[in-house]
Amino acid sequence: MARSLEEGLAGRRVLITGAARSIGAALAKRLHAHGAKVGLLGLERELLEQVATACGNAPWRYCDVRDHTQVDAAVAGIVDELGGLDVVIANAGVGAQLPMLGGDPAVMQRIVDVNLMGTYYTLRAAGEHIGHRDGYALIITSGAVGAQLPLLGAYSATAAAAEALGNTLRVEMRHLGTRVGVGYLGEIDTDMISIGFDTAAADKIKWSGMFTAMSPLEVAITAFEKGIARRRKRIYAPGWVGGLLHCRMAAQRIVELRPQPHMAQALAIARTEHTRYTTVQPELPLRLSDSAR
């Protein structure tokens with residue numbers, strides 16, 4: 001018999017990255033409401049503090065997941081305050097449009113640093129603490145794993161890479177009783193979508209909503225809440241994303257065959273349009289190892 005949400009979440013010690021707003025903040029509040037003890041990591045201090053207050057004065061830390069020293073210290077501090085760890089949710093992520101030819105390589109680097117390396121650093125730091133029979137890791141990524149759209153090459157590549165990290169970790173931690181899940185998001189009403197597609201280049205080709213309409217944030221939070229409580233291997237939000245992934249080769253073929261009358265114009269605009277990240281990214285201090293390159 002499947003456990004109720006309260007049975008699956010009550011008392012669970014949960015660490016969430018990217019917890020200042022959107023999915024991270026809403027999920028923290030929902031898990032707290034069902035009895036979980038949450039710890040929060042993110043970039044926006046005032047918003048983090050507000051989420052922490054709403055979650056019963058939960059512990060929180062400023063943390064840029066691109067910096068493994070910050071991640072190590074923040075995870076250790078949260079684990080100490082929670083008295084251990086049962087669940088880690090690697091949710092921090094960023095998106096920005098990037099044409100493959102003529103785009104700014106710095107955009108690619110920034111997205112890789114957050115979405116791929118940040119996920120790796122988070123799992124690496126939290127992994128030793130969830131290595132027990134109740135342990136669970138959830139990597140939140142995207143349906144972009146199944147269909148790659150124009151201007152989103154960097155985001156799609158890191159989504160696929162994050163999925164690969166989750167699949168690998170699942171195999172490596174199975175003997176400990178730890179379970180690992182991957183959460184796949186469709187078009188959810190979040191800053192990632194509203195900012196990511198709010199460009200003149202994207203407006204030219206209108207690829208947003210190609211497979212389905214926008215879904216409310218509640219859809220994702222409910223799916224993740226149930227998946228975490230039951231330590232599921234795959235979580236789809238909304239459910240149609242599962243079908244897309246099972247038919248990913250066919251889905252990509254549909255993308256490739258779609259008429260592209262304005263593609264040249266869109267790419268020309270994208271090469272000069274100011275890139276806006278879906279989350280403001282601070283500048284990291286220069287490390288000695290960087291200055292030697």
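In this report, we go over the structure that sits alongside the text.

**A few points about the pattern of salt bridges**
The tally for this structure, following the rule as stated, stands at nine salt bridges. In this structure, D86 and R13 form a salt bridge, with 3.0 Å as the shortest nitrogen-oxygen distance. Placement of the pair is D86 in the loop between α4 (68-82) and β4 (87-90) and R13 in strand β1 (residues 13-16), with a sequence separation of 73 residues. For D86, a relative accessible area of 6% corresponds to the buried category. Taking relative accessible area as the criterion, R13 reaches 21% and is therefore assigned partly exposed. Here E163 ties to R248 by a salt bridge, and the two come within 3.5 Å at their closest N and O atoms. Pair noted here: E163 is in helix α6 (residues 153-173) and R248 is in helix α11 (residues 248-257), with a separation of 85 residues, a long-range link. When its relative accessible area of 11% is taken as the criterion, E163 is described as buried. Residues participating in the shared-partner salt-bridge network are R30, E218 and E225.

**Here's the deal with the packing of aromatic side chains**
Summed over all chains, the structure comprises two aromatic pairs. For the ring pair Y120 and Y121, a centre distance of 5.6 Å and an interplane angle of 50° mean the geometry is tilted. Among the residues examined, Y121 registers a relative accessible area of 15% and is labelled buried. A ring pair is formed by Y184 and Y236, whose centres lie 5.6 Å apart and whose planes are at 25°; its orientation type is stacked. Of this pair, Y184 sits in strand β6 (residues 179-185) while Y236 sits in strand β7 (residues 234-237), and the two are 52 residues apart along the sequence. Note on Y184: relative accessible area 1%, which makes it buried. Exposure remark for Y236: the relative accessible area of 24% places this residue in the partly exposed category. Here the guanidinium or amino end of R45 rests over the ring plane of Y62, the centre of that ring lying 4.0 Å away.

Parameters at a glance
Residues numbered from 1 in each chain as written. Predicted model: local features only at pLDDT ≥ 70, side-chain atom pairs only at ≥ 80, totals over all residues. Heavy atoms only, no water. Salt bridge = Lys/Arg side-chain N within 4 Å of Asp/Glu carboxyl O. Helix = DSSP H or I, 4+ residues; strand = E, 2+ residues; numbered from the N terminus. Buried < 20%, exposed > 50% of the residue type's maximum accessible area, 1.4 Å probe, protein only. Phe/Tyr/Trp six-rings, centres within 6.5 Å; stacked < 30°, edge-to-face > 60°. Lys NZ or Arg CZ within 6 Å of the ring centre and 35° of its normal.

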